[in-house]
Amino acid sequence: MPREADIVVIGGGISGCGTAYYLAKGGLDVVVVEQRSIASGASGRNGAQLVQMDGRTLNAARVSKRLPFVRADVELLRGLNDELGMDIELQQFGSVDLSANDEESETLMNMTEIQKNGGDTIVEYLDRNDLLEYCPAISEDIIGGKFTRTDGSVNPIKLAWAYALAAHHQYKVKLVLHTKVEDVIIKAESALGVKTTRGDIMVNVGVVNCTNAWLIEFTKDIPVFPVQNVTSVTEQVPKVPIITWDGTYRGNYGYGTSQKNGSLVVGSLPCRIPKSVEEHFDESVSYEDLERHAGFLTKQFPMLKHVSFIRIWAGVFAMTPDRLPYIGSIPGYRNYYINTGYSNGMAYCPIGAKLMSEFILNDGRTSIPLDFVRPDRYLNMKFDVPKQYNYTVLEHLLDEWNL
Ligand SMILES: Cc1cc2nc3c(=O)[nH]c(=O)nc-3n(C[C@H](O)[C@H](O)[C@H](O)COP(=O)(O)OP(=O)(O)OC[C@H]3O[C@@H](n4cnc5c(N)ncnc54)[C@H](O)[C@@H]3O)c2cc1C
C-alpha cells in the first residue's frame, strides 16, 4: 500500500487505467485505487460496441462537437495493440442502425443527412441489398439501415486490462485493488491526497476522479445521471456474419455485436425500470431481460434462433446533460481533476484518458480543445429528472434541454 505518489487515479475502468497509463508514460509516479477489481464497473459489463455517433437525438451541431473526439479515438484504438502489447480485439466491420419499416427508414435517412450536415463524411444510408453485403444474416424484414463502416467492436475487458498491465509493467503504476476511496483530502481548496479504506495516500501533483456513475458519491455540483443497462453473451458460434447493430423489438430498443472469439453480445435497457437513482447500481437481472435479448437476436437475425445465451448481467454508466464527458479540473479546487461522465465508452474513453493526461502534463494544453467537455459547463445547474428514469427517458430530456 503506497503512502505517497505524484497522482492518485480513483477508479480502475478504461478511463482510470487509461489515464494512469498516459500520465505514467509522461513521467509521473501514479497509483490507481479501485474499490473492486480492474474493469468491474461499466468497463467490464458493456456491450462491446464501437459506435461513434450513438443516440437518436443528434443534430448537426452535436455531431460536429463529437467528431474530433471520436475520430481521434478510433485512430488511437487502431494503434493500441502495438502500443500496449495486448490484443484489444478491435474489429472495424461497421455498424448499422436497422430499419424494418418505412417510418424507421425515413428517420434513419434523416439522421444520416443530419450527421452529414454536421461533417460526418463516413455515414451512409444503405438499402437492404447493399446491407446484405456487410451483414448477410439480417432477417427478411429489414429494409435498410444507417451504416458507419469504421465502427465495430472492441473487447472492453481486454482494453481496460491492456492499459492496466502496460501501465504497471512498462511504467511501474501501482494498482491498489479492493480498496475504496472514502474521500479526497482537501486543504485550502487544494487536493492533497485520498483517504481510503486502507489508509491515506498523499499526492505531489493531484487526484484524478475516474469513477463515472459513482461520481455522485463525491460531488453533487457536477451533474451525472447513473443509468442501468443489461448485457448478455452467447456461446461461441462458427463465424457468423454479424456486424454491430442497433434495432427495436416489440417497441423496445436493443443493440449488439459479435466478438473476435465468435460470441455474440446483446444489450438493452432493463425490463424493470429502476425506482430510484440507487437502484441503477443494482447488478441483478431478470428472466424477462434474457427473453427480451433472445427476442432481439432472433428478430434481426433468425438464423441464430438455436444459439444459446451463456451469461447475462447488469451494469451502470453515467450520462451527463449533453451526453459528453467531463475532462479537466474540478471547479473550485486546485490539483483535483475529473475524467468521467461516459455513456459511450469505446468511442470516447481512450481519447478522454489521453486528453486528461495532456491537460495535467502540459498545464492545460491539449491536442484537441476541451471547451465542449469542460467540467464547469453545468456547475450547480439543476436538471429536472423524474425519480424513475431510464436511458430513453433521459435521451428525450437531453433533447428537450437542447444542449
Ligand atoms: C450494460 C452496459 C452496456 C454498455 N454498452 C456499451 C457499448 O456497447 N459500447 C460502448 O461504447 N459503451 C457501452 N457502455 C458504456 C461504457 O461501458 C462506459 O462508458 C465505460 O465503460 C466507462 O468507463 P469508465 O472507466 O469511465 O467507468 P467504469 O468502468 O464504471 O469505472 C469506474 C470505476 O470506478 C470505481 N470506483 C467507483 N467509486 C470508487 C471509489 N470510491 N473508490 C475506488 N474505486 C471506485 C468503480 O468500481 C469502477 O470500476 C455500456 C455500459 C453498460 C453498463
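Bear in mind the structure is a predicted one, so any value in this text is a computation, not a measurement. (Residues numbered from 1 in each chain as written. Predicted model: local features only at pLDDT ≥ 70, side-chain atom pairs only at ≥ 80, totals over all residues.)

**Observations concerning the overall build of the protein**
- Across its full length, the protein carries eight helices and 18 strands.
- The C-alpha atoms of the protein give 21 Å as radius of gyration, which agrees with the globular expectation for 403 residues (22 Å, within 12%).
- Overall size of the protein, expressed as C-alpha extent along the three principal axes, is 65 × 40 × 40 Å.
- The buried share of the protein, reckoned over its 403 residues, is 49%. (Helix = DSSP H or I, 4+ residues; strand = E, 2+ residues; numbered from the N terminus. Rg over C-alpha atoms; globule rule 2.2 N^0.38 Å. Buried ≥ 20, exposed ≤ 12 C-beta atoms within 10 Å, placed from the backbone.)

**Regarding the pairing of strand S14 (residues 252-258)**
- Counting buried residues along S14, five of its seven residues qualify, which places the element largely inside the surrounding structure.
- Of the pairings in the sheet, the one linking strand S13 (residues 244-249) to S14 comprises five bridges and is antiparallel in character. Of the residues in S14, the one forming a bridge with threonine 248 is tyrosine 253.
- Relative to strand S15 (residues 263-268), S14 runs antiparallel, the two sharing five bridges. Each bridged residue has a counterpart across the sheet, and for glycine 254 the counterpart in S15 is serine 268.
- The antiparallel pairing of S14 with S15 creates a hairpin that spans four residues between the two strands, and glycine 262 there sits at a positive phi of about 95°. (Pairing = 2+ DSSP bridges.)

**Digging into the domain arrangement of the protein**
- Split into domains, the protein comes out as domain 1 (4-45 + 157-223 + 321-401) and domain 2 (92-151 + 225-319).
- The straight-line distance from the C-alpha centre of domain 1 to that of domain 2 is 28 Å.
- In this assembly, 19 residues from domain 1 lie in contact with 16 residues from domain 2.
- Looking at the side of domain 1 that touches domain 2 element by element, the count peaks at three residues for helix H8 (residues 391-401).
- Here the side of domain 1 that touches domain 2 is built from residues that sort into eight nonpolar, eight polar and three charged. (Domains from an automatic or database assignment. Contact = placed C-beta atoms within 7 Å. Nonpolar A, V, L, I, M, F, W, Y, C, P; charged D, E, K, R; others polar.)

**Looking at the site of the ligand**
- Looking at the ligand, there are 41 residues lining it, with Gly11, Gly13, Gly41, Gly47 and Gly345 nearest.
- Broken down by secondary-structure element, the contributors of at least two residues to the shell around the ligand are helix H1 (14-25), strand S12 (225-236) and strand S16 (309-319).
- Classifying every residue of the shell around the ligand gives 15 nonpolar, 22 polar and four charged.
- Looking at the shell around the ligand, you find at least three residues from each of domain 1 (4-45 + 157-223 + 321-401) and domain 2 (92-151 + 225-319). (Near = placed C-beta within 6 Å.)

**A short note on the sheet that holds strand S5 (residues 124-127)**
- Strand order in the open sheet made by the eight strands is S5-S6-S4-S13-S14-S15-S12-S16, with mixed pairing throughout. At either margin of the open sheet sits one strand with a lone partner, and together these are S5 and S16. Averaged over all adjacent pairs, the angle separating strand axes in this sheet is 25°, with direction ignored.
- For S12 and S16, the ladder comprises 10 bridges, and the chain directions are antiparallel. In the sheet register, asparagine 229 faces S16, and the bridge partner there is glycine 315.
- Strands in contact with helix H3 (residues 102-117) are strand S4 (95-99), S5 and strand S6 (144-148); relative to S6, the strand with the most contacts, it is inclined by about 25°.
- With respect to the sheet, H8 is in contact with S12, S14 and S16, its orientation differing from that of S12 by roughly 130°. (Axes fitted to C-alpha atoms, helices over the stretch in contact; angles between N-to-C directions.)

**Looking at the nonpolar core**
- Ranked by size, the top nonpolar core spans 110 residues in total, and within it Val8, Cys17, Ala20, Val30, Tyr163 and Val207 carry the most contacts.
- Two domains share this core, each providing at least three of its residues, namely domain 1 (4-45 + 157-223 + 321-401) and domain 2 (92-151 + 225-319).
- The residues touching alanine 20, leaving out its near neighbours within four places in the chain, are Val9, Val30, Val32, Ala167 and Val173. (Core = buried A, V, L, I, M, F, W, Y, C linked by C-beta atoms within 7 Å.)

**Concerning the environment of asparagine 380**
- Within the secondary structure, asparagine 380 sits in the loop between helix H7 (349-361) and H8.
- Here asparagine 380 falls in the exposed class, since 10 other C-beta atoms lie within 10 Å of it.
- Taking C-alpha positions, asparagine 380 is 31 Å from serine 268, a pair spaced 112 residues apart along the chain.

**Things to note about H1**
- Relative to the 16 Å expected for 12 residues at 1.5 Å per residue, H1 spans 16 Å between its end C-alpha atoms, a close match to the ideal helical length.
- Of all 12 residues making up H1, 11 are buried, and the element is well covered by its neighbours.
- Those residues of H1 lying buried are Ile14, Ser15, Gly16, Cys17, Gly18, Thr19, Ala20, Tyr21, Tyr22, Leu23 and Ala24.
- Contacts from the buried residues of H1 go to strand S1 (4-10), strand S2 (30-33), helix H5 (156-171), strand S11 (199-209), strand S18 (336-340) and H7.
- Glycine 27 occupies a position one or two residues after H1 and carries a positive phi of about 110°. (Expected span 1.5 Å × (residues − 1).)

**Observations regarding the environment of cysteine 135**
- Inspection of the secondary structure assignment puts cysteine 135 in the loop between helix H4 (128-134) and S6.
- With 24 C-beta atoms counted inside 10 Å, the residue cysteine 135 sits in the buried group.
- In this structure the C-alpha to C-alpha distance between cysteine 135 and glycine 152, which are 17 residues apart in sequence, comes to 12 Å.
- Discounting residues that sit within four places of it in the chain, cysteine 135 has contacts with Val96, Pro241, Ile242 and Ile243.

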